[in-house]
Amino acid sequence: MSLLIVFVAIIILILLITWTKINTFLAFIVVCIFAGLALQLPPNAIMSSIEKGMGDMLGSLVIIIALGAMLGKQVAASGAAQQIAQSLVQAFGKKYIVWALTLTGFVVGIPLFYGVGFVLMVPLIFSVTYRYQLPAVATGLPLLASLSVTHGFLPPHPSPSALVALFHANMGLTLLYGLIIAIPTVIIAGPIFSSSLKKIVSTPLPAFQIQLIDAEKLPGIFVSFIIPLIPVILIGLTTGIQSLNHTNSFLYRFSGFMGNPSVALLIALAAATFYLKGPEQESVAVIMNRYGEAVKDVVMILLIIGGAGSLKEILTQSGISNEIVHILEGTAIPPLVLGWLIAALIRVCVGSSTVAGLTTAGILIPYITAQGVNTNLMVLSIGAGSLFFSHVNDPGFWMFKEYFNVSIKDTFKSWSVMESIVSILGLAGVLLLHLFV
């Protein structure tokens, strides 16, 4: 009966989000209350569990997500992202322009949240395709594949960061493994797959063009590239240093501080504040106002992540988690495949990769602990599953369709297939890494 209640709760969550169009955060709270009552938790303990779950989840993530939003906003507003794109296009030349855009998406996608990166990069795609008379979908999709992969696989993006916190995984190792899997995934789902889409007709709407900054007013090439990559560099160095040093050494402790995601992002943000001031050389006050706006952009993401933490706590307090463990222990499906499969099913039903990833984590946490699964790889497996088959219930599907002005059929043939390739290759990469780590 308890398992039936959990199943019904997840179905209700899906229906509230997709059918009734209720705000995702509110849907999580309603489902938490329903699940708590149905699982016979004391009524006075339900809200306490919701608050505890939300606090535990957000405690380690608010700083990361808020600083990440600020950094992404400044990289975009200062023209650094435009500089990255233009520099790579000039370096690669027309013949390899698709590879230049792919690399642009990867570099820009690390600090930028997916929605911000999409809105910022698509007009740049249009300007490149118009200048060189190239097919917009075949040329631009690889860049969007890069954005999707960084969004689903790499901290400090919200979903992988939240999964790292939930599973008590190692942020540095997860980032390292994510990069190893991400590079071949982007190549196959991007330039290789998009080469089959050259016949798709796309006439981008003028309304979606943005005003580009004059080339002479853009920030320097070096700072444009290095500042967005500071968190990756610091976290990566920390992982390497700590693997070679004793835990009591000064270098081990100091690198642990500098490589902490929050500290790494704070350093990157400080660098962006003073070295990426935009074409108008904005004052610190103007930049701080922009940071305030950036936080507003991610408030709903934070609330959704908190709601997922609340559902996890309700399941834990009810004892249902132990029942799920016993059932899953008898299944023949490998844990890493199981995590991918559950996330993919929820993604197809709900449309949100963040909801899919965090809901899956809440279900599987006790099982993963009992099985002794590599938590770093589980973060990536669930992240890959949460990207599977974007379709009509995913806002990203419609953003692609409307921005590129293509038919629904062509959106399925390009966007939906690309997301599915990213998801399946992500799982394949996880299973391959599992053989060696």
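Scroll up a little and you will see the structure.
Colleague: Sorry if this is basic, but what is going on with the overall build of the protein here?
Modeller: Counting its regular elements, the protein contains 20 helices and zero strands. Taking 22 Å as the expected radius of gyration for a compact globule of 437 residues, we find that the protein reaches 22 Å, a close match to that expectation. Along the longest, intermediate and shortest principal axes, the C-alpha atoms of the protein span 65 × 55 × 45 Å. Residue burial in the protein is summarised as follows: out of 437 residues, 56% are buried. When contacts within the protein are restricted to residue pairs at least 6 apart in sequence, long-range pairs at least 24 apart make up 81% of them.

Colleague: How should I be thinking about the packing of helix 11 (residues 221–244) against helix 13 (residues 261–275) in this particular structure?
Modeller: Between two packed helices, both the angle of their axes relative to each other and the distance between the axes serve to describe the pair. Following both chains from N to C, one finds helix 11 and helix 13 inclined at 165 degrees, their axes separated by 8 Å at the closest point. When the interaxial angle is binned, helix 11 and helix 13 end up roughly antiparallel. As helix 11 runs across helix 13, the sense of the crossing is right-handed. Residue-level contacts link Val 223, Ile 227, Ile 230, Pro 231, Leu 234 and Ile 235 of helix 11 to Pro 261, Ala 264, Leu 265, Ile 267, Ala 268, Ala 271, Ala 272 and Tyr 275 of helix 13. Taken together, the residues that form the contact of helix 11 with helix 13 break down as 14 nonpolar, no polar and no charged.

Colleague: How do you make sense of the nonpolar core when you look at a structure like this?
Modeller: Taken as a class, soluble globular proteins show a tendency for nonpolar side chains to be buried jointly. Leu 144, Phe 153, Phe 167, Phe 400, Phe 404 and Trp 415 are the most contacted members of the largest nonpolar core, which totals 144 residues. Here the element with the most residues in this core is helix 14 (residues 284–318); it accounts for eleven residues. Beyond its immediate chain neighbours, meaning those up to four positions away, Phe 400 contacts Phe 118, Val 137, Leu 141, Leu 144, Asn 405, Val 406, Thr 411, Ser 414 and Trp 415.

Colleague: Where do I start with unusual backbone geometry in this structure?
Modeller: Peptide bonds are trans in most cases, and residues, glycine excluded, mostly fall at negative phi. Here Gln 133, not a glycine, exhibits a phi torsion of approximately 55 degrees, which is positive. The class of Gln 133 is exposed, set by a relative accessible area of 64%. Not every positive phi belongs to a glycine, and Gln 281 is a case in point at roughly 50 degrees. Here Gln 281 shows up in the loop between helix 13 and helix 14.

Colleague: Sorry, what's going on with helix 14 here?
Modeller: Because an α-helix completes one turn every 3.6 residues, residues spaced three or four positions apart along the sequence face the same direction. Taking 1.5 Å per residue as the helical rise, helix 14 with its 35 residues ought to reach 51 Å, and the 49 Å between its terminal C-alpha atoms agrees with that figure. The largest bend along helix 14 measures about 40 degrees and falls at Val 298. A positive phi of about 85 degrees marks Gly 319, the residue just after helix 14.

Colleague: What am I meant to see in the packing of helix 17 (residues 353–371) against helix 18 (residues 375–385) here?
Modeller: It is at 11 Å that the axes of helix 17 and helix 18 come closest, and there the two elements cross at 150 degrees. When the interaxial angle is binned, helix 17 and helix 18 end up roughly antiparallel. By crossing handedness, the relation of helix 17 to helix 18 is classed as right-handed. Residues Gly 357, Thr 360, Ala 361 and Ile 368 of helix 17 form the contact with helix 18, whose own contacting residues are Thr 375, Met 378 and Ile 382.

Colleague: Is there a simple way to think about a nonpolar patch on the surface in this case?
Modeller: Together, Met 1, Leu 4, Phe 7, Val 8, Ile 11, Leu 15, Trp 19 and Phe 34 make up an exposed nonpolar region whose accessible area comes to about 870 Å². The element that contributes the greatest number of residues to the nonpolar patch is helix 1 (residues 2–18), accounting for five residues. Here Leu 15 is to be found in helix 1.

Colleague: Is there a simple way to think about the environment of Ala 138 in this case?
Modeller: Mapped onto the elements, Ala 138 comes out in helix 8 (residues 136–153). In this structure the C-alpha to C-alpha distance between Ala 138 and Ser 202, which are 64 residues apart in sequence, comes to 9.6 Å.

Colleague: Help me understand the pattern of salt bridges, please; the structure alone is not making it clear to me.
Modeller: Counted under the stated rule, the structure contains eight salt bridges. Between Glu 313 and Lys 52 there is a salt bridge, with its nearest N and O atoms 3.9 Å apart. Here Lys 52 lies in helix 3 (residues 43–59) and Glu 313 lies in helix 14, a separation of 261 residues in the sequence. On the accessibility criterion, Glu 313 (4% relative accessible area) is buried.

Colleague: Help me understand the environment of Ser 196 in this model?
Modeller: The residue Ser 196 is located in the loop between helix 10 (171–194) and helix 11 in this model. Accessibility expressed as a relative area gives 56% for Ser 196, which makes it exposed. Considering only alpha carbons, one finds Ser 196 and Glu 313, 117 residues apart in sequence, at a separation of 46 Å. At a separation of 2.7 Å, a polar atom in the side chain of Ser 196 contacts the main-chain carbonyl oxygen of Phe 193.

Colleague: Would you mind showing me how to read the side chain of Ser 416 here?
Modeller: Its place among the elements puts Ser 416 in helix 20 (residues 408–434). We classify Ser 416 as buried; its relative accessible area is 0%. Within the local environment of Ser 416, its side chain forms a polar contact with the backbone oxygen of Ser 390, the two atoms lying 2.6 Å apart. With residues near it in sequence (within four places) discarded, Ser 416 still touches Phe 389, Ser 390, His 391, Phe 397 and Thr 411.

Conventions used here
- Residues numbered from 1 in each chain as written.
- Predicted model: local features only at pLDDT ≥ 70, side-chain atom pairs only at ≥ 80, totals over all residues.
- Heavy atoms only, no water.
- Helix = DSSP H or I, 4+ residues; strand = E, 2+ residues; numbered from the N terminus.
- Rg over C-alpha atoms; globule rule 2.2 N^0.38 Å.
- Buried < 20%, exposed > 50% of the residue type's maximum accessible area, 1.4 Å probe, protein only.
- Contact = heavy atoms within 4.5 Å.
- Axes fitted to C-alpha atoms, helices over the stretch in contact; angles between N-to-C directions.
- Parallel < 35°, antiparallel > 145°, perpendicular 65-115°, else oblique.
- Left-handed = near helix turned anticlockwise from the far one by under 90°.
- Nonpolar A, V, L, I, M, F, W, Y, C, P; charged D, E, K, R; others polar.
- Core = buried A, V, L, I, M, F, W, Y, C linked by side-chain atoms within 4.5 Å.
- Expected span 1.5 Å × (residues − 1).
- Bend = angle between axes of the 7 residues up to and from the residue.
- Patch = residues over 30% accessible without salt bridge, like charges linked within 9 Å, V, L, I, M, F, W, Y side chains within 5 Å.
- Areas by Shrake-Rupley, 256 points an atom, 1.4 Å probe, with all protein chains shown as cover.
- Salt bridge = Lys/Arg side-chain N within 4 Å of Asp/Glu carboxyl O.
- Polar contact = N/O pair within 3.5 Å; in protein donor to acceptor, adjacent residues only side chain to side chain.

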